[in-house]
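Below, each chain spelled out in residue letters.
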Protein chains: 2
Amino acid sequence: MIHLTVLRTFIAVLDHGSIIEASRNCGYSPAAVSRQMSALQARLGVRLFEPDGRGIRPRPIAEELAVGARRLLDECDQFDDYAKGLCTSQNVHSLVLV
Amino acid sequence: MIHLTVLRTFIAVLDHGSIIEASRNCGYSPAAVSRQMSALQARLGVRLFEPDGRGIRPRPIAEELAVGARRLLDECDQFDDYAKGLCTSQNVHSLVLV
DNA sequence: GTCTGTTACGTTAAACGTAATAATG
DNA sequence: CATTATTACGTTTAACGTAACAGAC
């Protein structure tokens, strides 16, 4: 099954344009981010990034994948809100009725 | 962040009506399923199940949560298909063009 | 020489299974 | 006594950080 944490890191790498900057924003070490991207590529069977000078450049397939990834992550956030709303209303009920 | 594996297990428990049956269908031990449900309840701050005879009975809040959970899991599956489709077409291109 | 990404190595922490326990039918 | 769920215990394994390494400016 797909790992949401890896997907979030993937988006961070695209947004920041480098492994190091993404690692700073995700609370991971650069090594961890690099490994997550390697694992994602291995899982998909596709290279998402190419070397570019000292850094990396996303391949077109990476931008395409990001479209669906961003959407899925948004829906996960929506579910979290949905669940949180359900459960706080639940607690209000018990507060009132008990 | 929410764990998709736990969400899948949660749906399996609802579908099968017991920890043991869910565990058989998920490839987990009953203890693992029980712990996953305990962790989910702790995370949400809500009891999702109640004891019922020798088994458990989902509380109404569990069924409500399941609506959003099923939708999210479906969207994850759709993303997997989407990603797989992107990457196979990518591989076809490289097969043709290289 | 500095900066970025990757890989090797050891460690840590989350999650598991087995087995023991409690409770119900 | 059989069945279900939970908890305790030890183990395994996935993922991490540090550090060493390789390539680009």
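Residues numbered from 1 in each chain as written. Chains lettered and ligands numbered in written order. Predicted model: local features only at pLDDT ≥ 70, side-chain atom pairs only at ≥ 80, totals over all residues. Heavy atoms only, no water.

(A) Structural context of the interface of chain A and chain B. On the chain B side, the residues contacting the 28 residues of chain A number 28 residues. Between chain A and chain B, a total of about 2500 Å² is buried, with carbon and sulfur atoms accounting for 74% of that surface. Linking chain A with chain B are zero salt bridges. Summed over the shared surface of chain A and chain B, the result is two residue pairs in polar contact (both at pLDDT 80 or more). Mapped onto the side of chain A that touches chain B, the elements with two or more residues apiece are α1 (4-16), α3 (30-44) and α4 (60-97) of chain A. (Contact = heavy atoms within 4.5 Å. Buried area = accessible area lost by both parts, 1.4 Å probe. Salt bridge = Lys/Arg side-chain N within 4 Å of Asp/Glu carboxyl O. Polar contact = N/O pair within 3.5 Å; in protein donor to acceptor, adjacent residues only side chain to side chain. Helix = DSSP H or I, 4+ residues; strand = E, 2+ residues; numbered from the N terminus.)

(B) Seen up close, the protein's contact with DNA strand D. In the vicinity of DNA strand D lie 19 residues, with S29, R35 and Q36 of chain A together with I20 and S34 of chain B positioned nearest. The sugar and phosphate moieties of DNA strand D supply 64% of its atoms located within 4 Å of the protein. Between Q36 of chain A and DNA strand D, the recorded distance is 2.8 Å, taken from a side-chain N or O atom to a phosphate oxygen. Within the side chain of S34 of chain B, one N or O atom sits 2.7 Å away from a phosphate oxygen of DNA strand D. Those elements that place two or more of their residues in the surface near DNA strand D are α3 of chain A together with α2 (19-26), α3 (30-44) and β2 (55-58) of chain B. (Near = heavy atom within 4 Å.)

(C) Representation of the relation of the copies chain A and chain B. If you rotate chain A by 180° and push it 0.0 Å along the axis, it lands on chain B with an RMSD of 0.0 Å. What the rotation and shift describe, once combined, is the action of a two-fold rotation axis. The fraction of interface residues of chain A whose copies in chain B are also interface residues reaches 100%, indicating that both copies meet through the same surface. (Least-squares fit on C-alpha atoms with pLDDT ≥ 70 in both.)

(D) Molecular detail of the packing of aromatic side chains. Residue and element names in this part refer to chain A. Tallied over the entire structure, the rule returns four aromatic pairs over all chains. Plain terms: the ring middles of F10 and F49 are 6.1 Å apart, the flat faces sit at 65° to each other, and that makes the pair edge-to-face. Within this pair, whereas F10 is found in helix α1, its partner F49 is found in strand β1 (residues 49-52), the two being separated by 39 residues in sequence. Exposure remark for F49: the relative accessible area of 5% places this residue in the buried category. Ring centres 6.2 Å apart and planes at 40° place the aromatic pair F79 and Y82 in the tilted group. Taken together, the residues F79 and Y82, both in helix α4 and three residues apart, mark about one turn of the helix. (Phe/Tyr/Trp six-rings, centres within 6.5 Å; stacked < 30°, edge-to-face > 60°. Buried < 20%, exposed > 50% of the residue type's maximum accessible area, 1.4 Å probe, protein only.)

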